[in-house]
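# Chain and residue survey
Here are the chains, one letter per residue:
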Amino acid sequence: AYRPEPANMKYSGTETQREKSRDTAMPYETISVDDRGSHVAITLNRPDALNSISPDMIDDLNAALDAIADRHQLCALSITGNGRAFCAGADLKAAQGRMAGADATTVNSAFLDALRRILLRIEAFPTPVIAAVNGLSLAGGLELVMACDLVIAVESAKLGDAHANYGLVPGGGNSVRLPRKIGPTRAKQLIYTGEFLSARQMMDWGMVNHVVADGGL
């Protein structure tokens, strides 16, 4: 479960979660999984919260990856969102709710550590991971996009760092991945301004591989 450990605040799943996590058919609270054998499609399923990343979602993503990590016939893993957003970032309120009574610094440190770990896991996943960007992809959502190998986005999708709009700094890797992906000048523009750009603009900048018509994912 998502909880602080006394020494270093590391994230770790419980034994019960690890025992259950070998089956993609298990019920998930915050994602849905379409397992087709050679292709597994994960849908972020918190549409009322614009699919923002919560501690429960991190647990579910880890469990889903556990279930397919050793599947030799797996050719591709795709990640998309349910509703009008791909992912609108991190849900800090949900993190605070999971660790009621802890101070904000402790909560944010533990949550960001968990977020970085799941993004690194997706980035290092042995099978190609495709971000199917169906809508808004902001802040932590953009960090999730950049952890994927390929990015396909619909015409109406908007992508941006957005942390600056809330007086925050990128905590899940944007400050490192963005300059590598689109160059330091453009990365600074996104991080400093907090602006959202179109899928077409992001394709021109090298963030998106392909743009399709709305509904074409």
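I will try to describe carefully the structure that is included in this document. Quick caveat: nothing in here was measured; it's all calculated off a predicted structure.

Cut-offs applied
- Residues numbered from 1 in each chain as written.
- Predicted model: local features only at pLDDT ≥ 70, side-chain atom pairs only at ≥ 80, totals over all residues.
- Heavy atoms only, no water.
- Pairing = 2+ DSSP bridges.
- Helix = DSSP H or I, 4+ residues; strand = E, 2+ residues; numbered from the N terminus.
- Axes fitted to C-alpha atoms, helices over the stretch in contact; angles between N-to-C directions.
- Salt bridge = Lys/Arg side-chain N within 4 Å of Asp/Glu carboxyl O.
- Buried < 20%, exposed > 50% of the residue type's maximum accessible area, 1.4 Å probe, protein only.

In spatial order, the strands read S1-S2-S3-S5-S7-S10; together these six strands make up an open sheet with mixed pairing. Two strands bound the open sheet, and with one partner strand each, they are strand S1 (31-35) and strand S10 (210-212). Between one strand axis and the next, the sheet turns by 20 degrees as a mean value, whatever way the strands run. Examined bridge by bridge, strand S2 (residues 39-44) and strand S3 (residues 76-81) share six bridges and lie parallel to one another. If you follow Val-40 over to S3, its bridge partner there is Leu-77.

In this section: the pattern of salt bridges. This structure, assessed with the given rule, holds seven salt bridges. For Arg-71, the salt bridge identified is with Asp-35, shortest N-O distance 2.7 Å. Residue Arg-71 is found in the loop between helix H2 (55-68) and S3, and its partner Asp-35 is found in strand S1; the two are separated by 36 residues along the sequence. Asp-35 gets classed as partly exposed once you look at its relative accessible area, which sits at 31%.

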